[in-house]
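Observations on the model geometry
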Amino acid sequence: MVCAWNSSWGNKGVSMKNSVEVKNISFSYGKTEILNDLSLDIKEGEFMVLLGPSGCGKTTLLNCIAGLLDLTDGQIWIEDDNVTWKEPKDRHIGMVFQSYALYPSMTVEKNLSFGLRMMGTAKDLINEKIKKAANLLQINELLKRKPSQLSGGQRQRVAIGRALVRDAKVFLFDEPLSNLDAKLRAELRYEIKKLHRDLSNTMIYVTHDQIEAMTLADRISVMKDGLIQQLDTPKQIYNKPANLFVAGFIGSPSMNFLNAKFKKSNQNIIVGNKQIDISKYENINKLINDQEVVFGIRPENINIEKNENSIQCKVELVEPMGADTLVWTSFEGNPISIRLEGSSNFNLNDEISISFDINKSSIFDSKSEERI
Ligand SMILES: Nc1ncnc2c1ncn2[C@@H]1O[C@H](COP(=O)(O)OP(=O)(O)OP(=O)(O)O)[C@@H](O)[C@H]1O
Ligand SMILES: [Mg+2]
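Scoring rules and cut-offs
Positions within a chain are numbered from 1, following the residues in the order the chain's sequence is written. Here the convention is simple: chains get letters from A, ligands get numbers from 1, in the order in which they are written. Selection of residues for local features in this predicted model requires a pLDDT of at least 70, selection of side-chain atom pairs for listing and counting requires 80 or more, and totals for whole chains, interfaces and linings are taken over all residues. Only hydrogens and water are set aside; all other atoms, that is, all heavy atoms of the structure, feed into the side-chain values. A pairing counts as a salt bridge when a side-chain nitrogen of Lys or Arg comes within 4 Å of a carboxyl oxygen of Asp or Glu. For the purposes of this entry, the term helix denotes a DSSP run of H or I that reaches at least four residues, the term strand denotes a run of E that reaches at least two, and both are numbered from the N terminus. In this scheme, a residue with accessible area under 20% of its type's maximum is buried, one over 50% is exposed, and one in between is partly exposed, where area comes from a 1.4 Å probe on protein chains only. Note: domain ranges come from an automatic or database domain assignment. Whether two residues are in contact is decided by their heavy atoms, any of which lying within 4.5 Å being enough. The term buried area means the drop in 1.4 Å probe accessible area that two parts suffer when joined, counted for both and summed. Each polar contact in these results corresponds to two N or O atoms within 3.5 Å; when the atoms are within protein, one needs to be able to donate a hydrogen and the other to accept it, and residues that are neighboring in sequence are counted only if both atoms are side-chain atoms. To define axes, lines are fitted to C-alpha atoms, for helices over the stretch in contact only, and angles between the resulting N-to-C directions are given on a 0 to 180 degree scale. The cut-offs work like this: below 35 degrees is roughly parallel, past 145 is roughly antiparallel, 65 to 115 is roughly perpendicular, and the gaps in between are oblique. In a left-handed crossing the near helix is turned counterclockwise from the far helix by less than a right angle, and in a right-handed crossing that turn is clockwise. Residue polarity follows a fixed list, in which Ala, Val, Leu, Ile, Met, Phe, Trp, Tyr, Cys and Pro are nonpolar, Asp, Glu, Lys and Arg are charged, and the others, Gly among them, are polar. By convention a nonpolar core is built from buried Ala, Val, Leu, Ile, Met, Phe, Trp, Tyr and Cys residues, the set being connected through side-chain atoms within 4.5 Å. The near set for a molecule or strand comprises every residue that places at least one heavy atom within 4 Å of it. Accessible areas in this description were obtained via Shrake-Rupley with a 1.4 Å probe; residue shielding takes into account the shown protein chains only. For Phe, Tyr and Trp, where Trp contributes only its six-membered ring, two rings pair if their centres lie within 6.5 Å, and the inter-plane angle classes them as stacked under 30 degrees, edge-to-face over 60, or tilted in between. Only Lys NZ and Arg CZ are tested; either one counts as a charge over a ring when it is within 6 Å of the ring centre and within 35 degrees of the ring normal.

On to the pattern of salt bridges. Oppositely charged side chains can form a pair if their charged atoms are brought close together. Taken as a whole, this structure holds 16 salt bridges when the rule is applied. As a salt-bridge pair, glutamate 46 and arginine 219 come within 2.5 Å of each other at their nearest N and O atoms. You can see glutamate 46 sitting in the loop between strand 2 (32-43) and strand 3 (47-51) and its partner arginine 219 sitting in strand 9 (residues 219-224), a full 173 residues away along the chain. Of the two residues examined, glutamate 46 and arginine 219, each falls in the buried class. We note a salt bridge from arginine 197 to aspartate 198, for which the minimum N-O separation is 3.2 Å.

What the domain assignment reports for the protein chain is domain 1 (18-92 + 168-249) and domain 2 (256-365). Distance from the C-alpha centre of domain 1 to the C-alpha centre of domain 2: 34 Å. The interface of domain 1 with domain 2 comprises eight residues on the first partner and seven residues on the second. Approximately 700 Å² of surface area, both sides summed, lies buried where domain 1 meets domain 2, with 54% of it carried by carbon and sulfur atoms. Area buried by domain 1 at its contact with domain 2 is led by Tyr238, Leu244 and Ala247, which between them contribute 64% of it. Linking domain 1 with domain 2 are one salt bridge. In this assembly, domain 1 and domain 2 are joined by three residue pairs in polar contact (both at pLDDT 80 or more). For the side of domain 1 that touches domain 2, the elements supplying multiple residues, two or more each, are helix 7 (234-239) and helix 8 (244-249). Per-element tally for the side of domain 1 that touches domain 2: the top contributor is helix 8, with three residues.

What follows covers the packing of helix 2 (residues 108-118) against helix 4 (residues 152-164). Two elements in contact, helix 2 and helix 4, have axes whose closest approach is 8 Å; the angle formed by their N-to-C orientations is 30°. Our classification of the angle between helix 2 and helix 4 gives roughly parallel. Here helix 2 and helix 4 pass one another in a crossing that is right-handed. Along the contact surface, helix 2 presents Val108, Asn111 and Leu112, while helix 4 presents Val158, Gly161 and Arg162. Of the residues assigned to the contact of helix 2 with helix 4, the class counts are three nonpolar, two polar and one charged.

We now examine the nonpolar core. Burial of nonpolar side chains together is a common tendency in soluble globular proteins. If you look at the biggest cluster of nonpolar residues, it comprises 44 residues, and the most contacted ones within it are Ile160 and Tyr205. Setting aside residues up to four positions removed in sequence, tyrosine 205 forms contacts with Phe47, Met48, Val49, Leu50, Phe173, Pro176, Leu177, Ile192, Glu212 and Leu216.

All right, on to the site of ligand 1 then. Surveying the vicinity of ligand 1 reveals the residues Tyr29, Ile34, Pro53, Ser54, Gly55, Cys56, Gly57, Lys58, Thr59, Thr60, Glu175 and His208. Between an oxygen atom of ligand 1 and a main-chain N or O atom of glycine 55, the distance comes to 2.7 Å. For ligand 1, an oxygen atom lies 2.8 Å from a polar atom in the side chain of threonine 59. Taking 640 Å² as the accessible area of ligand 1 by itself, protein coverage stands at 57%. Broken down by element, the shell around ligand 1 gets its largest block of residues, three residues, from helix 1 (residues 58-66). Looking at the shell around ligand 1 residue by residue, the class counts come to four nonpolar, six polar and two charged.

Using the criterion set out here, one finds eight aromatic pairs in the structure. Look at tyrosine 103 and phenylalanine 114: their rings are 4.7 Å apart centre to centre, the planes differ by 55°, and that puts the pair in the tilted class. Taken as a pair, tyrosine 103 in the loop between strand 6 (93-96) and helix 2 and phenylalanine 114 in helix 2 lie far apart in primary sequence, 11 residues in all. For phenylalanine 114, a relative accessible area of 22% corresponds to the partly exposed category. Residues phenylalanine 295 and phenylalanine 356 carry aromatic rings whose centres are separated by 5.5 Å and whose planes lie at 55° to one another, so their mutual orientation is tilted. With phenylalanine 295 in strand 14 (residues 292-297) and phenylalanine 356 in strand 20 (residues 351-356), this pair connects stretches of sequence that are 61 residues apart. One exposure class covers both phenylalanine 295 and phenylalanine 356, and it is buried. Aromatic ring contacts, followed pair by pair, group Phe47, Phe171, Phe173 and Tyr205 into a single cluster. Its guanidinium or amino end placed over the ring of tyrosine 238, arginine 298 lies 3.9 Å from that ring's centre, counting from NZ or CZ.

Below is the structure:
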């Protein structure tokens, strides 16, 4: 059965069946608790991205799933099998780390076959698997070379190949592209996405790069301090962030935030000395009079236009970025970035009128920081 969040390639989709179940797990380093009662289900064939700032516990969670760390509490199930106390090699997983961790003295071919040779796999079968992985990753020409004779991107392909030949049901990736330059990252990101399209294995992919998360994931799990803040499709996380943290973490430049107070009588929010009509906000009925809120609006949801609800401000900085131009201004002392077409032509100190796409905004309660 195919699930609602069809993979963005649209051909194979994601099954309803769970492939990996993380059940109420806790993990501590000594007395420091890193994960506390965390649960997460990953569907068969799903590309799940764990996204969050440095130190939030992404690698810890991945290593718990892989069996490299022992849980203090909870269970891990992989393909209907309770693997909580099983060795990593018995979990049907393939892992790719941030550092390639290839054996320097072995050729690419030997690096790829190492795990299989250790398991006593027949030679013909090993050759067949290596051929298949090398074809998929386009490293056929490199099989006789040693890692030192490869570029960073090629080494990372070999590291991925090493996980592939093991016929894993689930692939775990821990920031596999973070050592590569921007161009290579983009290329390999595309390769990984194609790989997932072709193999349709379950993939759990750790990154703190939001572009990687947005482009690769069927669903993203946004983490902070060992807790999952939001688990949803990339679109939903971008457009309807569950709280201020998620809203500020996803998107570059960040969502613009204005501290405000809601007035029910005219459905306006008061920002400093100014008012903004938010009657078109999707959840306007949930707001209460005098509620302290944070009004959030993404740079691309601000228009330069004059209407009854527009605001006068001045251009303070222009950043041409090729396809887009970012114009910076401020409103009641708050910096505001506006994303415009690359061809837009504004200069420092230009007077502009801006208006907000209220139906695309997000409003958060100031205290709970939850989206209303
Ligand atoms: N061996 C260790 N001993 C003690 N604390 C550790 C150890 N490894 C990690 N930690 C701590 O556990 C927390 C979570 O670390 P983890 O490596 O899971 O973060 P991360 O989200 O993967 O971060 P990054 O994006 O930097 O890789 C951090 O506060 C880190 O300092
Ligand atoms: Mg990490």
